[in-house]
Amino acid sequence: MIDPSDYRELHLRSAFSFLRGASSPESLADRAGECGLAEAALCDRDGFYGSVRFHQRAKENGFRAIVGTELTMEDGSVVPLLVKSREGYQAVSRLLTRAQLRAAKGTARIRWSELEEIAEAAAFLTGDAEGPLERGWRADGRRGMEEALVKMKTHLPERHLHVELQRHAIRGEEALVRAKVDLAAAHRLPLLATNGVCYAHAENRQVQDVFTCLREHTTLDAAGRLLAVNGERHVKTGAEMAALFYDHPGAILRTRRL
């Protein structure tokens, strides 16, 4: 039986995520507080831009903020991480700074080999739609996903890797979930449930759509499949997430343990 209070949301993006999140850090923290979450992690893209504001508002809302980020890799895939300590934060910050100094604004990329420098600094997630596993799945099904995970394991210790599961009521996603579950079992890696949050409330999805159009240089009329099919990427309660992952209780419990 799943205890909804075990759930922690470990993958949120704010409006500081280069047009991939639609809510301010404060709005996300307010909603996390309303949902009764004991902890939540802000993982803005390629930096810790909203973490201070998120941390301050989290204290006001009575929960613990966890510092994270999403790293854009040299092949375009995105790897989320949660820093373990002050030293871990410093190590990841140095890596991000170096990547930004050697690239034009907004185009910083991390080399896969550079992950080895921060391998002990953080816990790593396999990500969602832009993550290595799902990119591999779209390219070559289970074989592509397997190759992507092997690549991650080449540069990161298994004990710090977590296979991320998400459910957003999207056609075909159950095949992806089953493939991830099988892959995690084959490699003896833990499953981790997240909602890949992009906004505080479901109605904020409209703002997200506008941001997507800005990022992709298109209009709402022409965007088509570039837009999300629904508004499921909002902050959810532990009970909502427990219901979504009723068949994978360990993926809920793992959020608390991590």
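The present account deals with the structure reproduced in this document. Everything numeric here is computed off the predicted structure, so don't read it as measured data. Throughout this description, residue numbers start from 1 for each chain and increase along the sequence as written. Totals for whole chains, interfaces and linings use all residues, but because this is a predicted model, local features are given only for residues with pLDDT of at least 70 and pairs of side-chain atoms are given and counted only at 80 or more. Think of the side-chain values as coming from all heavy atoms in the structure, minus any hydrogens and water.

### Digging into the sheet that holds strand β7 (residues 191–193)
Moving on, step 1. Any two strands with at least two DSSP bridges between them are considered paired. Only DSSP runs of H or I covering at least 4 residues are called helices, and only runs of E covering at least 2 are called strands; the numbering of each starts at the N terminus. The strand order across the open sheet built from 7 strands is β1-β2-β3-β4-β5-β6-β7, with neighbouring strands paired in mixed fashion. Strands with a single pairing partner mark the edges of an open sheet, and in this sheet they are β1 (9–12) and β7. Strand-to-strand twist across the sheet, computed as the mean angle between neighbouring axes with direction ignored, equals 35°.
Moving on, step 2. Relative to strand β5 (residues 122–125), strand β4 (residues 78–83) runs antiparallel, the two being bridged by 3 bridges. Within the sheet, the bridge partner assigned to L81 lies in β5 and is F124. Lines fitted to the C-alpha atoms define the axes, with helices restricted to the stretch that makes contact. Angles between their N-to-C directions range from 0 to 180 degrees.

### Some words on the packing of helix α4 (residues 132–155) against helix α5 (residues 173–187)
Moving on, step 1. Closest axis-to-axis distance for the α4/α5 pair is 11 Å, and the angle between their directions is 25°. One element, α4, and the other, α5, form an angle in the roughly parallel class. α5 is crossed by α4, and the crossing has right-handed handedness. Residues L133, E134, W137, R142, M145, E146, L149, V150 and K153 of α4 form the contact with α5, whose own contacting residues are A175, L176, R178, A179, K180, D182, L183 and H187.
Moving on, step 2. Think of it as three bins: nonpolar holds Ala, Val, Leu, Ile, Met, Phe, Trp, Tyr, Cys and Pro, charged holds Asp, Glu, Lys and Arg, and polar takes everything else, Gly as well. Partitioning the contact of α4 with α5 into residue classes produces 9 nonpolar, 1 polar and 7 charged. The labels follow the angle: roughly parallel below 35 degrees, roughly antiparallel above 145, roughly perpendicular from 65 to 115, and oblique for the rest. Left-handed describes a crossing in which the near helix is turned anticlockwise from the far one by less than a right angle; the clockwise case is right-handed. The contact criterion used is simple: two residues touch if any of their non-hydrogen atoms lie within 4.5 Å.

### Points about the layout of surface pockets
One way to see where empty space is left: roll a probe the size of a water molecule over the atoms.
Moving on, step 1. Both site types are read off a 1 Å grid over the protein atoms alone. A 1.4 Å probe that fits but cannot get out defines a cavity, while an open set with protein on both sides within 12 Å along at least five of seven lines defines a pocket; lining residues have an atom within 4 Å of a point. Grid points are joined across faces, edges and corners, and a volume is the space filled by probe spheres set on the points. For the largest pocket, the calculated volume is near 1100 Å³.
Moving on, step 2. Lining the largest pocket are 34 residues, with A129, E134, I170, A228 and R233 sitting closest to its centre.
Moving on, step 3. Sorting the residues of the lining of the largest pocket by element identifies α4, β6 (161–165), α5 and α6 (205–216) as the ones contributing at least two each.
Moving on, step 4. Counting residues per element, the lining of the largest pocket draws most heavily on α6, which supplies 5 residues.
Moving on, step 5. One number sums up the size of the second largest pocket: a volume of about 590 Å³.

### Quick word on the nonpolar core
Moving on, step 1. For the purposes of this section, nonpolar cores are sets of buried Ala, Val, Leu, Ile, Met, Phe, Trp, Tyr and Cys residues that join through side-chain atoms within 4.5 Å. In this scheme, a residue with accessible area under 20% of its type's maximum is buried, one over 50% is exposed, and one in between is partly exposed, where area comes from a 1.4 Å probe on protein chains only. Core analysis: the biggest nonpolar cluster contains 60 residues, and F54, L115, I118 and F124 have the highest contact counts within it.
Moving on, step 2. No other element matches α5, which puts 6 residues into this core.
Moving on, step 3. Beyond its immediate stretch of four places on either side in the chain, L115 contacts L71, M73, I110, F124, H155 and L156.
Moving on, step 4. Ranked by size, the runner-up nonpolar core spans 7 residues in total, among them I66, L82, L125 and L192.

### Notes on the environment of E134
Moving on, step 1. Here E134 is to be found in helix α4.
Moving on, step 2. What makes E134 buried here is its relative accessible area of 11%.
Moving on, step 3. In sequence terms E134 and M145 are 11 residues apart; their C-alpha atoms lie 6.7 Å from each other.
Moving on, step 4. Apart from residues lying up to four places away in sequence, E134 is in contact with G127, D128, A129, L176 and K180.

### Describing the pairing of β6
For a regular strand, the rule is simple: side chains alternate between the two faces of the sheet.
Moving on, step 1. Among the 5 residues of β6, 5 are classified as buried, and the element is accordingly described as predominantly covered.
Moving on, step 2. Judged by which residues are buried, β6 turns out to be covered on both faces: L161, V163 and L165 on one side and H162 and E164 on the other are all buried.
Moving on, step 3. Taking the sense of rotation as the criterion, the β-α-β connection linking β5, α4 and β6 turns out right-handed.
Moving on, step 4. Pairing analysis gives 3 bridges linking β6 to β7, with the strands arranged parallel. Along β7, the bridge assignment pairs L165 with A193.
Moving on, step 5. Think of it like this: strands point away, you trace from the first strand over the helix to the second, and a clockwise trace means the crossover is right-handed. At this point the chain moves from β6, through α5, to the parallel β7, and the crossover so formed is right-handed.

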